[in-house]
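Chain residues, written in single-letter form:
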Amino acid sequence: MNSGGQMLVSVIMSVYNEKEKWLMQAIESILNQSYKKLEFIIILDNPDNKKLNDIIKFYNKKDSRIRYFVNEKNMGLVKSLNKALGYAKGEFIARMDADDISMTDRFEKQINYLNNHPDVDFLGARCINMDEDGVELYRDAIIPADMKLIKSCLVNVDFVNHPTWFFRKKCSDKNNGYREITCAEDYDFLLRLITNGFKLANSNEFLVRYRIRRSGISQSNSLQQLLYSKHVVKMYKDRVKYGVEKETVEDLKNIKIDENEEKKYSKALEGLSKSKLYKKKNELYRVSLILKSYMLSKYLRILLKDITVHKLKKVMSR
């Protein structure tokens, strides 16, 4: 859709249990974008949360660009995002999370990039990671920007932050939206974009302030996320090699999560996340945290191996 020389951007966001202040900051960061031609599709996936409902209604009355929908019952993130995609009218789709903050010029920069690179279909960016109070913790490292390196590195690490996504609508149309893969639906989406022939790129500008929740560092599904991510990579490799998936989304049900290993991995992952806070501040302590985490969980050793290969590919590409 093109009006007045500008193309419509459809921003999709699912809301569930975010703090009221966070939601307000997220909404205002979209409404205050320097790029004005947008529709903001908000799905409330927690119909019983009256406070969040009231906040969204308040902004909806103030700004007609908001299109607000309430699920009759909790549907989960994947179904809510697919519902939002179904409502989207824009030529471009932007993702947003209800506890993050987009930089004021985020959409302007992203749409300018895609307009200047008509062969590129998808654009990610880097994040400034902050704590629950909005205090900066650390900044994302440089991420692969060209398609060849992105394609190579994505088989090791999902490094494209979901809340930074900006893509042409034809991407989600061809992908038929997200698939029901808990904790790895975005990773699967990216890998399917590649096998569907789309070209991906990344901006190394910081366009989103990403909120790290205390409950998110040691989340109970962290091992599930790792194992499911390995599964979607296997499906991707099968598509590339055989043209079809030898293993399916249904096979995810056969993946068993050992409770003891889950606890050890979550604790190790918490230590690894904590180590990022000491980069250049206390290098010795940072290394000790990494080593302790490395020894604690065999699954963290798998993750660190993937991260190391990812870093080596970036270095070798320079």
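Everything below is about the structure shown above.
Presented here is an overview of the structure given in this document. (Residues numbered from 1 in each chain as written. Predicted model: local features only at pLDDT ≥ 70, side-chain atom pairs only at ≥ 80, totals over all residues. Heavy atoms only, no water.)

Topic: the overall build of the protein chain
We count it as follows: The numbering of helices and of strands both runs from the N terminus, where a helix is a DSSP run of H or I of at least 4 residues and a strand a run of E of at least 2. The globule rule used for comparison is 2.2 Å times the number of residues to the exponent 0.38, while the radius of gyration itself is calculated over C-alpha atoms. Here's how the labels work: a residue is buried when its accessible area is under 20% of the maximum for its type, exposed when over 50%, partly exposed in between, all with a 1.4 Å probe on protein chains only. Contacts were defined at the residue level, with two residues in contact if any of their heavy atoms lie within 4.5 Å. The Shrake-Rupley method, run with a 1.4 Å probe sphere, supplies the accessible areas, and residue values consider only the shown protein chains as cover. Positive charges are assigned to Lys and Arg, negative charges to Asp and Glu, while His and the chain termini are left out of the count. Note on charges: their place is set at NZ of Lys, CZ of Arg, CG of Asp or CD of Glu.
Each helix and strand in the protein chain was counted, giving 12 helices and 11 strands. At 20 Å, the protein chain has a C-alpha radius of gyration in line with the 20 Å of a compact globule built from 318 residues. By its C-alpha atoms, the protein chain is 55 × 45 × 40 Å across when sized along the principal axes. Taking all 318 residues of the protein chain together, 50% fall into the buried category. Partitioning the intrachain contacts of the protein chain with sequence separation of at least 6 by distance along the chain shows that 78% fall at a separation of at least 24. As presented, the protein chain carries roughly 15,800 Å² of accessible surface, and 51% of it is formed by carbon and sulfur atoms. Across the protein chain, the centroid of the 58 positively charged side chains sits 3 Å from that of the 42 negatively charged ones.

A closer look at helix H4 (residues 106–116)
Every α-helix winds through 3.6 residues per turn, so residues three or four apart in the chain are directed the same way. Note the cut-off: What the arc covers is the set of directions going from the helix axis to the C-beta atoms.
All of the buried residues in H4 are Arg106, Phe107, Gln110, Ile111 and Leu114. Looking straight down H4, one finds that the buried residues subtend no more than 110° of arc, so they occupy a single side.

What about the side chain of Gln33?
Applicable threshold: By the criterion applied in these results, polar contacts are pairs of N or O atoms within 3.5 Å in which, for protein atoms, one can donate a hydrogen and the other can accept it, and in which residues neighboring in sequence qualify only through two side-chain atoms.
Structurally, the position occupied by Gln33 is in the loop between helix H1 (20–31) and strand S4 (38–44). By relative accessible area, which is 0% here, Gln33 ends up buried. One polar contact links the side chain of Gln33 to the main-chain amide nitrogen of Phe107, over a distance of 3.1 Å. The residues touching Gln33, leaving out its near neighbours within four places in the chain, are Leu38, Ser102, Met103, Thr104, Asp105, Arg106 and Phe107.

What to know about unusual backbone geometry
With phi around 60°, Asn176 is a residue other than glycine that occupies positive phi space. Residue placement: Asn176 occurs in the loop between helix H6 (169–175) and helix H7 (185–195). Even without a glycine there, the phi angle at Cys183 is positive, about 75°. A residue is classified by how much of its surface remains accessible, and Cys183, at 18% relative accessible area, is buried.

Quick word on a positive patch on the surface
What counts here: Residues forming no salt bridge and having over 30% relative accessible area are the ones grouped into patches, like charges within 9 Å of each other and nonpolar side chains (Val, Leu, Ile, Met, Phe, Trp, Tyr) within 5 Å. Note on definitions: salt bridges are taken to be side-chain nitrogens of Lys or Arg within 4 Å of carboxyl oxygens of Asp or Glu.
Taken together, the side chains of Lys276, Lys279, Lys280 and Lys311 present a region of like positive charge at the surface. Within the element layout of this structure, Lys280 appears in the loop between helix H10 (259–275) and helix H11 (283–296).

Focus: the nonpolar core
Nonpolar side chains in soluble globular proteins generally cluster together in the buried interior. Short version of the rule: Put simply, buried Ala, Val, Leu, Ile, Met, Phe, Trp, Tyr and Cys residues joined by side-chain atoms within 4.5 Å make one nonpolar core.
Phe122, Leu154, Phe159, Trp165, Leu190, Leu193 and Leu200 are the most contacted members of the largest nonpolar core, which totals 39 residues. Among the elements that line this core, the one with the most residues is H7, at 6 residues. Of all hydrophobic cores here, the second largest spans 32 residues; its members include Tyr35, Leu52, Ile55 and Ile56.

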